[in-house]
Amino acid sequence: MGTGTVRTEPADEAAGRRREQRGWYFYDWACSVYSTSVLTVFLGPYLTSVAEEAADADGFVHPLGIPVRAGSFFAYSVSLSVIVAVLVMPLVGAAADRTGRKKPLLAAAAYTGATATTAMFFLDGDRYLLGGVLLIVANAAQSVAMMLYNSYLPQIAPPEERDAVSSRGWAFGYASGSLMLIVNLVLYLAHDSFGVSESTAVRICLASAGLWWGGFALIPLRRLRDRRARSEAGEEAPAGKKQAAMGFRQLAATIRDMRRHPLTLAFLLAYLIYNDGIQTVISQASIYGSEELGLGQSTLIGAVLLVQVLAVVGALTMGRLARTYGAKRTILGSLIAWTVTLAAGYFLPAGAPVWFFVLAAGIGLVLGGSQALSRSLFSHLVPPGKEAEYFSAYEMSDRGMSWLGPLLFGLTYQLTGSYRDAIISLVAFFVLGFALLARVPVRRAISEAGNPVPNTI
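Before going into details, it helps to say that this report is about the structure given with it.

**Quick notes on the nonpolar core**
Ranked by size, the top nonpolar core spans 127 residues in total, and within it Trp-24, Tyr-27, Leu-43, Phe-267, Tyr-274 and Trp-338 carry the most contacts. Sort the elements by how many residues they give to this core and helix α1 (residues 13-54) lands first, with 17 residues. Look past the residues within four positions of Leu-43 in its chain and what remains in contact with it is Ser-37, Val-38, Thr-48, Phe-74, Met-120, Leu-123, Leu-135 and Leu-206.

Rendered as structure tokens:
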């Protein structure tokens, strides 16, 4: 890829790198409120209620003349947003890698997402189509922005710092999401005291996430710097249609190169499958809690806040377990925990918030660790000198698979009318992901990638 080699800087290199890293952390601080407050907590139940307001007597809405259960509309919108993101990411990735001008593209993606999120304030009445469009734009923009954000990591941190820098970014995101959820909870619970209706309070929470995202994005956009990229022949990067075509050609070339490392590809396939299950649980859990279990919005906010806090604890705990038992075994254990948690969720009694909090605690304890360790383990399987290229494909492939889970969830509800059936259907992702990961000989995979094999992996 065209990220190039970072030149040796003067004596103040470390200080400059630290400053840029601190700016990088703040993009996670800026955008995580969208993932937490909008996608995980408020938008699912609220957009579903708006769709139900617009539904016919049989409970169906008809976007573009297609009959869709109102309860499936949110899941389908999430799935479509991922497909849009996957179509756009190779084009944006090519422009970023070939020109080195990541920052303007990051700004464009971030502010497109932030604007669409802020516009969710106008989602009221039966405007479910507006909600679907805004969700697709915001979610696709978030995916593109995260691809660009992650691609900075190999440039701003040498290999020995990368795990720590990446973990701090996760921590900033969890802290931001937790802080905004507390503010949202106060507004939602005391909406009468603030003189607003419940639906208006929800719309304010949605819009405030967009304003937060856009406001704090200024910090990384000021501190991160572009690195001018050149082709291998030393020529300036091409532009326009040639550049866009190169995006897809580069992705295809990276995948062809991965075929020379089949064990790396095997791990990536396992990760894409079980991570799709993880992402679907995150986005659909609030729908399950509100529609199937009859829980109130304040309960859902509290549960997600609990997930945010315990995700930090779980990530640190699983990191320690990985040092003793190895990352692969620890991830496999987390997939068993995910499967048990979903099975327990299927049997949760309606109207029992205590058990929903227990379920949220289980999710929180395995959420952060399973994702952080997966990224860390993948980094060992990347051939030296191809970190940016492989991690770019990692991000695009990740987003590329993440439409299957919401689609399965929506289809299951469409066919059965039961959110319990929809939530239990996601067990397939964890079972299949476990089976595929268990078959990957990670020591041999690391060795064949040309990297030193850690004592414990």
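**Topic: the packing of aromatic side chains**
Counted according to the given criterion, the structure contains 19 aromatic pairs. A ring pair is formed by Phe-121 and Phe-122, whose centres lie 5.6 Å apart and whose planes are at 85 degrees; its orientation type is edge-to-face. Aromatic pair Tyr-271 and Tyr-274: ring centres 5.6 Å apart, planes at 90 degrees, arrangement edge-to-face. Placement of the pair is Tyr-271 and Tyr-274 together in helix α10 (residues 262-292), with a separation of three residues, close to one helical turn. Its relative accessible area of 0% is what places Tyr-274 among the buried residues. Clustering of aromatic rings is evident, with ring pairs tying together Trp-24, Tyr-25, Phe-26, Tyr-27, Trp-29, Tyr-149, Phe-172, Trp-212 and Phe-216. A cation sits over an aromatic face here: Arg-69 above Tyr-413, 5.9 Å from the ring centre. Its guanidinium or amino end placed over the ring of Tyr-152, Lys-102 lies 5.1 Å from that ring's centre, counting from NZ or CZ.

**Section: the packing of helix α3 (residues 102-118) against helix α7 (residues 198-216)**
Between α3 and α7, the shortest axis-to-axis distance is 7 Å and the interhelical angle comes to 160 degrees. By the angle between their directions, the pair α3 and α7 is classed as roughly antiparallel. Where α3 crosses over α7, the two elements pack in a sense that is left-handed. Residues Ala-110, Tyr-111, Gly-113, Ala-114, Thr-117 and Thr-118 of α3 form the contact with α7, whose participating residues are Leu-206, Ala-207, Ala-209, Gly-210, Leu-211, Trp-213 and Gly-214. In the contact of α3 with α7, the residues fall into eight nonpolar, five polar and no charged.

**Considering a nonpolar patch on the surface**
Taken together, the side chains of Leu-80, Ile-83, Leu-87 and Val-88 make up a nonpolar region of the molecular surface, amounting to roughly 320 Å² of accessible area. Mapped onto the elements, Leu-80 comes out in helix α2 (residues 73-99).

**What to know about α7**
End to end, α7 covers 27 Å across 19 residues, agreeing with the expected 27 Å (1.5 Å per residue, within 8%). Taken together, the buried positions of α7 are occupied by Thr-200, Ala-201, Val-202, Arg-203, Cys-205, Leu-206, Ala-207, Ala-209, Gly-210, Trp-212, Trp-213 and Gly-214.

**What about the packing of α1 against α7?**
Taken N-terminus to C-terminus, the directions of α1 and α7 make an angle of 160 degrees; their axes are 8 Å apart at the nearest point. Taken as axis vectors, α1 and α7 run roughly antiparallel relative to one another. Crossing of α1 over α7 shows left-handed handedness. Side by side, α1 and α7 meet where Phe-26, Tyr-27, Trp-29, Ala-30, Cys-31, Val-33, Tyr-34, Val-38, Phe-42, Leu-43 and Tyr-46 of the first sit next to Ser-199, Val-202, Arg-203, Cys-205, Leu-206, Ala-209, Trp-212, Trp-213 and Phe-216 of the second.

Conventions we followed
Every chain is numbered on its own, with residues counted from 1 as its sequence reads. The predicted nature of this model means local features are confined to residues of pLDDT at least 70 and side-chain atom pairs, given and counted, to a pLDDT of 80 or more, with totals for whole chains, interfaces and linings taken over all residues. Remark: hydrogens and water are excluded; side-chain values derive from all non-hydrogen atoms of the structure. What we call a nonpolar core is a set of buried Ala, Val, Leu, Ile, Met, Phe, Trp, Tyr and Cys residues that are connected through their side-chain atoms within 4.5 Å. For every residue, the accessible area (1.4 Å probe, protein chains only) is compared with the maximum for its type, and the residue is labelled buried under 20%, exposed over 50%, or partly exposed between those bounds. Helix numbering and strand numbering both begin at the N terminus, where a helix is a DSSP run of H or I of at least 4 residues and a strand a DSSP run of E of at least 2. Contact definition: two residues touch when any of their heavy atoms are within 4.5 Å. Each pair of aromatic rings taken from Phe, Tyr and Trp, with Trp reduced to its six-membered ring, is defined by centres within 6.5 Å and is described as stacked if the planes are under 30 degrees apart, edge-to-face if over 60, and tilted in the remaining cases. Here, a charge over a ring is recorded when the distance from Lys NZ or Arg CZ to the ring centre is within 6 Å and its angle to the ring normal is within 35 degrees. Convention adopted: a line fitted to C-alpha atoms gives each axis, helices being fitted over their contacting stretch, and angles between N-to-C directions are expressed from 0 to 180 degrees. Any angle that is under 35 degrees is reported as roughly parallel, and any over 145 degrees as roughly antiparallel; angles of 65 to 115 degrees are reported as roughly perpendicular and all others as oblique. Two helices crossing with the near one rotated counterclockwise from the far one by less than a right angle form a left-handed crossing, whereas a clockwise rotation gives a right-handed crossing. Three categories are distinguished: nonpolar for Ala, Val, Leu, Ile, Met, Phe, Trp, Tyr, Cys and Pro, charged for Asp, Glu, Lys and Arg, and polar for the others, with Gly belonging to the last. Surface patches are drawn from residues lacking salt bridges whose relative accessible area is over 30%; two like charges belong together within 9 Å, two nonpolar side chains (Val, Leu, Ile, Met, Phe, Trp, Tyr) within 5 Å. Working definition of accessibility: Shrake-Rupley area with a 1.4 Å probe, residue cover restricted to the visible protein chains. When a carboxyl oxygen of Asp or Glu lies within 4 Å of a side-chain nitrogen of Lys or Arg, that pair is called a salt bridge. A helix is expected to span 1.5 Å multiplied by its residue count minus one.

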